[in-house]
Amino acid sequence: MGPAVLWLSLAVLELVGIAIVSVLWMRSRRELAELRASIVETPRGGTRQVAGRAVRAVFDTATRVREHGVTGLLASSLEELARWATEDRKEIARVAAPDGTVAVLFSDIENSTLLNERLGDARWIDVLTAHDAVVRKQVEKHGGHVVKAQGDGFMIVFGEPADAVRCAIGIQASIGADRRLRRQEVRVRIGAHVGETVVRDRDYFGRNVALAARIADRAGGGEILVSEDVRAAVVEDGGFEFEPAGEFELKGFAEKHALWRVVG
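Please read these numbers as outputs of a predicted model, since none were measured by experiment.

1. Here we look at the packing of aromatic side chains
One pass over the structure, following the stated rule, counts 1 aromatic pair. Look at F240 and F242: their rings are 6.4 Å apart centre to centre, the planes differ by 50°, and that puts the pair in the tilted class. On the basis of relative accessibility, which here comes to 15%, the residue F240 falls in the buried class. The ring of W260 has R231 sitting right over it, with the charged end atom 4.5 Å from the ring centre.

Given below as structure tokens:
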């Protein structure tokens, strides 16, 4: 093969390569535009806003929730829960109360797998975006810190149990007031417990985290359940109403636990 033919062959290959890259680039831009459009909310009379924090979390959420189901975060092992707390120990220590305790709150959407299947991925992502915004707004308002967000599930810590309860009440009220979430019949279940922080004893704190997760797993949609420790810590503050939910055996714990339902 002469130099001229070799040069011509290389030139043709280069042009073909450029064409393929161009097609892939245009396809990627189109798909990105469609994805962005699916997570853009247009409030009545307002401008288009993208929920930036939700964007980072929702790209693979639909598939993950279908695979792991609604209890994915709440059913995590004690070891996983303790590891998350250990990895985020600096922030948890920052919000801990002066006596070294921290309130742990878990929440997720009831029957999210079925809801995802009914709505389809595009509308499900819209639901997750709105839900994410509601939860994070209440967490910020009440001085909490998000340790873990996985699909529709949240693990959140607070320095004061009262702030955790107020946040839970705020989340439920905001879910009910959000037209998009109310239209799709989104119902959130929440559980909370209070105990020593990871800085003092990793194993003990891991059990406290696991207990909060198991309490949330016992809650129904629209319900807030708390441990006796939380109720006892906030009952003197006033402004909260509780009713007994019963005694329950919780996964990973030998003894039964008295749980309380927040009613106001």
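2. Looking at unusual backbone geometry
You will see that N111, though not glycine, has its phi angle at about 55°, which is positive. Take N111: it is sitting in the loop between β3 (101-109) and α6 (112-119). The phi dihedral of E185 is positive, around 55°, even though this residue is not glycine. Residue position: E185 is located in the loop between α9 (179-183) and β6 (188-196).

3. Looking at the pattern of salt bridges
What the rule picks out here adds up to 10 salt bridges. Note that R166 and D163 form a salt bridge whose closest N and O atoms lie 3.2 Å from each other. Of this pair, R166 and D163 are both found in helix α8 (residues 161-177), 3 residues apart, which corresponds to roughly one turn of the helix. For D163, a relative accessible area of 23% corresponds to the partly exposed category. We note a salt bridge from R261 to E223, for which the minimum N-O separation is 2.4 Å. Here R261 is found in strand β9 (residues 256-262), whereas its partner E223 is found in the loop between α10 (202-218) and β7 (224-227), with 38 residues between them in sequence. With a relative accessible area of 22%, R261 lands in the partly exposed category.

4. Brief notes about the sheet that holds β7
Reading across from one edge, β4-β5-β3-β6-β7-β9-β8 is the order of the 7 strands in this open sheet, with mixed pairing throughout. The open sheet has two edge strands, β4 (145-150) and β8 (242-249), and neither has a second partner. Along the sheet, successive strands turn relative to each other by an average axial angle of 25°, direction set aside. Inspection of the sheet shows β7 paired to β9 by 3 bridges, in the antiparallel sense. Of the residues in β9, the one forming a bridge with V226 is W260. Helix α7 (residues 121-141) rests against β3, β4, β5 (153-158) and β6 of the sheet, and its axis sits at about 5° to β5. Lying over the sheet, α8 contacts β3, β5, β6, β7 and β9, oriented at roughly 175° with respect to β6.

5. Topic: the environment of D237
Its place among the elements puts D237 in the loop between α11 (228-234) and β8. With a relative accessible area of 48%, D237 lands in the partly exposed category. Spatially, the C-alpha atoms of D237 and A162 are 7.9 Å apart, while their sequence positions differ by 75 residues.

Cut-offs used in this document
Residues numbered from 1 in each chain as written. Predicted model: local features only at pLDDT ≥ 70, side-chain atom pairs only at ≥ 80, totals over all residues. Heavy atoms only, no water. Phe/Tyr/Trp six-rings, centres within 6.5 Å; stacked < 30°, edge-to-face > 60°. Buried < 20%, exposed > 50% of the residue type's maximum accessible area, 1.4 Å probe, protein only. Lys NZ or Arg CZ within 6 Å of the ring centre and 35° of its normal. Helix = DSSP H or I, 4+ residues; strand = E, 2+ residues; numbered from the N terminus. Salt bridge = Lys/Arg side-chain N within 4 Å of Asp/Glu carboxyl O. Pairing = 2+ DSSP bridges. Axes fitted to C-alpha atoms, helices over the stretch in contact; angles between N-to-C directions. Contact = heavy atoms within 4.5 Å.

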